[in-house]
Every structure is written in structure tokens, then in C-alpha cells.
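Examination of the molecular architecture
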Amino acid sequence: MTHTGLFPSIEPYDHGMLQLDDIHTMYWEQSGNRNGIPILFLHGGPGAGATPAHRRFFDPARYRIVIFDQRGAGRSVPLGETRDNTTPLLIEDIETLRRHLGIKQWLVFGGSWGSTLALAYGEAHPDRCLGFILRGIFLCRPGEINWFLYGLRNFFPEVWREFTARLSPIEQCDVLASYYRLLMDPDPAVHMPAAKAWGRYEGSCSTLLPSPGTVDYFASDTVALGLARMEAHYFRHNIFLPENSLLENIHKIQHLPAVIVQGRYDAVCPIASAYDLHLAWPEADYIVVNDAGHSAWEPGILTELVKATEKFKQLQ
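Residues numbered from 1 in each chain as written. Predicted model: local features only at pLDDT ≥ 70, side-chain atom pairs only at ≥ 80, totals over all residues. Heavy atoms only, no water.

**Brief notes about the overall build of the chain**
- Within the chain one finds 11 helices and 8 strands.
- Relative to the globule expectation of 20 Å for 316 residues, the C-alpha radius of gyration of the chain, 18 Å, shows essentially globular dimensions.
- If one aligns the C-alpha atoms of the chain with their principal axes, the spans along those axes are about 55 × 45 × 35 Å.
- Counting over 316 residues, the chain shows a buried share of 57%.
- At a minimum sequence separation of 6, the contacts of the chain that also span at least 24 residues come to 74%. (Helix = DSSP H or I, 4+ residues; strand = E, 2+ residues; numbered from the N terminus. Rg over C-alpha atoms; globule rule 2.2 N^0.38 Å. Buried < 20%, exposed > 50% of the residue type's maximum accessible area, 1.4 Å probe, protein only. Contact = heavy atoms within 4.5 Å.)

Shown next as C-alpha cells:
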């Protein structure tokens, strides 16, 4: 019988801080089976960070679970730092961690921005990947970024109004530039309220049904600051990759096994992007969860993600 729920809570058997350069130091951890199938968890955002609950998608008896916090996020330091923080550098960081841990190849698991980074990493280093489990597809094209900043008000008008209430009518014409200015202000009295407002906005739109716990998590100090600053930074620079490069380079990983899990009513990362990826990568399993939004913790999405990790046990 296939396991479909979260696995029991576990603690890492190994963890540390890895110096990346003169500015950034990365938190990383390993849990599960030291001799199991290596699987890399890529958190969302950018900037959201990972949590202990993320270890629970994987059977600890069969997987060597590798989790880290990306530059500027979570337990990596300095939190919210945008200097020397780009997608190509995040890809280098993954390779640095892989070499540090002595891993030859691994499965790559990522949702939302984690799916973006998984694709970017895989296309840069296909020989290091065993396969992919992707959720809530975000290709970071200009239309997707614009949707996040403006389109969501079609479904969450009251939430969008609260999100933009601190901006003047003129500033609301360029939400990204206006929030970027607030978030990068060195005064915590300026940047923290803006970060929390950004976090509440995203958290409020991430589930099919209202979830106060999700909103509270996204608005918590560490998550909000990393998430808001990194998202504004990456969106402002079109994620530091050529437009549409993720789809245009899909042929580099097309031969690898993959599962794509997408909520039908995902408002943060609408299903159109997942469908575009499906059309470009028909060899990948494409699973639409018809009663779910964006969050990995939606029951239907969680079930399909765990089923996917169970399926990939056959690699060993």
C-alpha cells in the first residue's frame, strides 16, 4: 500500500553552516538514511526558508534528505541580504553543497520558487540530477510576476487593498518599485511593516480555503523579511535569467523522470504555467489536483507529493 501522508517528525543527523563567500553563509542539514537515495529539497519564495516539517515528505528509511536555506533566507546569514544574491549564484551554491556532502547525483524536489530553481539548476547541471518532483510551477515570466502584483486582486480584492494601502495612488501604479524602496530601507520601523504586509498578502492567497495559520507563518519576522526582500529583489531583476529560458532549455532535462503537481485553483502560481511546462515536457507526469490552491500543505497536493517520493524509491 502506497504511503500518502506525511512521515513522522525526525531530527537531522548532520547539519552545519557553509561559508559561500565574504557575505553569505548557508545553513544546511541532512536527515533520514545516510546511505539512502539523496534528495534535495528546495524551498519557495525566494526567501521563504525551510522548516522541520519539510523533512516529512520523504521516507527517512529510504532517503538521504538534504535541506538548506538559500542566500538571505531562514537560518542562512545575513537574513534578507540582497548583495551577491542571484539565480546563477544559487545554482553555484547547490553545487558547492553537493560537493561538500560528497553526493554524486540527487533527486530534486521543489515547489513554487523551488520549482523555478529546480529547473534552473537541472538545466545547468543535468548530469547531477536523478529526476524532479515539482509543485506549483513558477516560470518567473513577466506576466507571472505582474499577476502576483496586480492580477491577484481579481480573486482577493480585499487582500490586495490591504497590501497596497500603505502606497499612494501613484505608488500603486508600480507596486514592485514602491515596495522595493520600503523593503530596502535600513530602518526596521520602515522595512519590517512592509515585509509583514507582503507576507500576509502572499499567505492569504496561498490556500484554496482561508488558513490563518498560513498567514501567520508568512507574516512571522524571519519568513516575512527573507521572503519579501528576496521576492522584490528577484522580481525586479527578472530572476537574473533570460526571459523564458526555463522552457527554452527544457530539452536538457527532458530525458529525466519527473512529476509535476499543480493545484487547479492555485492563485499565486496559476495553472497556465504548469500547463505550459507540461506541453514543453510531455514525458513528465502531470498531475492536477482539482480541489487545491498553491500551498504544499493542501491535502490533495500533499498526498500527490508524497506519492511521488514513494514512486521514486524505485531508483534504488
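That was the structure; now back to the text.
**As for the packing of aromatic side chains**
- What the rule picks out here adds up to 21 aromatic pairs.
- Ring centres 6.2 Å apart and planes at 65° place the aromatic pair Phe57 and Phe58 in the edge-to-face group. Taken as a pair, Phe57 and Phe58 share a single burial class, namely buried.
- For the ring pair Phe132 and Trp281, a centre distance of 6.0 Å and an interplane angle of 75° mean the geometry is edge-to-face. Taken as a pair, Phe132 in strand β6 (residues 129-135) and Trp281 in the loop between α10 (271-280) and β8 (285-289) lie far apart in primary sequence, 149 residues in all. The same class applies to Phe132 and to Trp281, which are both buried.
- An aromatic cluster is built from Phe138, Phe148, Phe163, Tyr179, Trp198, Tyr201 and Phe235, whose rings are joined through pairwise contacts.
- The aromatic ring of Trp160 is capped on one face by Arg153, whose charged end is 4.5 Å from the ring centroid.
- For the cation-ring pair, Arg236 lies above Tyr180, with the distance from its terminal atom to the ring centre recorded as 4.1 Å. (Phe/Tyr/Trp six-rings, centres within 6.5 Å; stacked < 30°, edge-to-face > 60°. Lys NZ or Arg CZ within 6 Å of the ring centre and 35° of its normal.)

**Examining the side chain of Ser295**
- Within the secondary structure, Ser295 sits in the loop between β8 and α11 (299-311).
- Judged by its relative accessible area of 9%, Ser295 falls in the buried class.
- Residues in contact with Ser295, not counting those within four places in the same chain, are Arg135, Ser206, Thr207 and Ile301.

**Comments concerning the pattern of salt bridges**
- For the coordinates displayed, the defined rule picks out 18 salt bridges.
- The salt bridge involving Arg71 is made with Asp93; its shortest N-O contact spans 2.6 Å. In this pair, Arg71 sits in the loop between β4 (63-68) and α1 (87-101) while Asp93 sits in helix α1, placing the two residues 22 residues apart along the sequence. Taken as a pair, Arg71 and Asp93 share a single burial class, namely buried.
- With a shortest N-O distance of 2.6 Å, Lys196 and Asp221 are connected by a salt bridge. Separated by 25 residues along the polypeptide, Lys196 in helix α6 (residues 188-204) and Asp221 in helix α8 (residues 221-236) bring together distant segments of the chain.
- By relative accessible area, which is 25% here, Lys196 ends up partly exposed.
- Of the residues examined, Asp221 reaches a relative accessible area of 46% and is grouped as partly exposed. (Salt bridge = Lys/Arg side-chain N within 4 Å of Asp/Glu carboxyl O.)

**Digging into the pairing of strand β1 (residues 14-19)**
- Alignment of β1 against strand β2 (residues 25-32), held across 6 bridges, turns out to be antiparallel. Note that in β2 the partner of Gln19 across the bridge is Thr25.
- Counting the residues between successive antiparallel strands, the hairpin from β1 to β2 contains 5 residues. (Pairing = 2+ DSSP bridges.)

**Focus on the sheet that holds β6**
- What the 8 strands build is an open sheet, ordered β1-β2-β4-β3-β5-β6-β7-β8; its pairing is mixed. If you trace the sheet from one side to the other, it starts and ends with β1 and β8, each paired once. Averaged over neighbouring strand pairs, the angle between their axes works out to 20° when direction is ignored.
- The pairing of β2 with β4 spans 5 bridges and is classified as antiparallel. The partner of Gln30 across the bridge, within β4, is Val66.
- Sitting on the sheet, α1 touches β1, β2, β3 (37-42), β4 and β5 (106-111), and the angle it makes with β2 is about 50°.
- Against the sheet, α10 makes contact with β6, β7 (258-263) and β8, and its axis sits at roughly 160° relative to β8, the strand it touches most. (Axes fitted to C-alpha atoms, helices over the stretch in contact; angles between N-to-C directions.)

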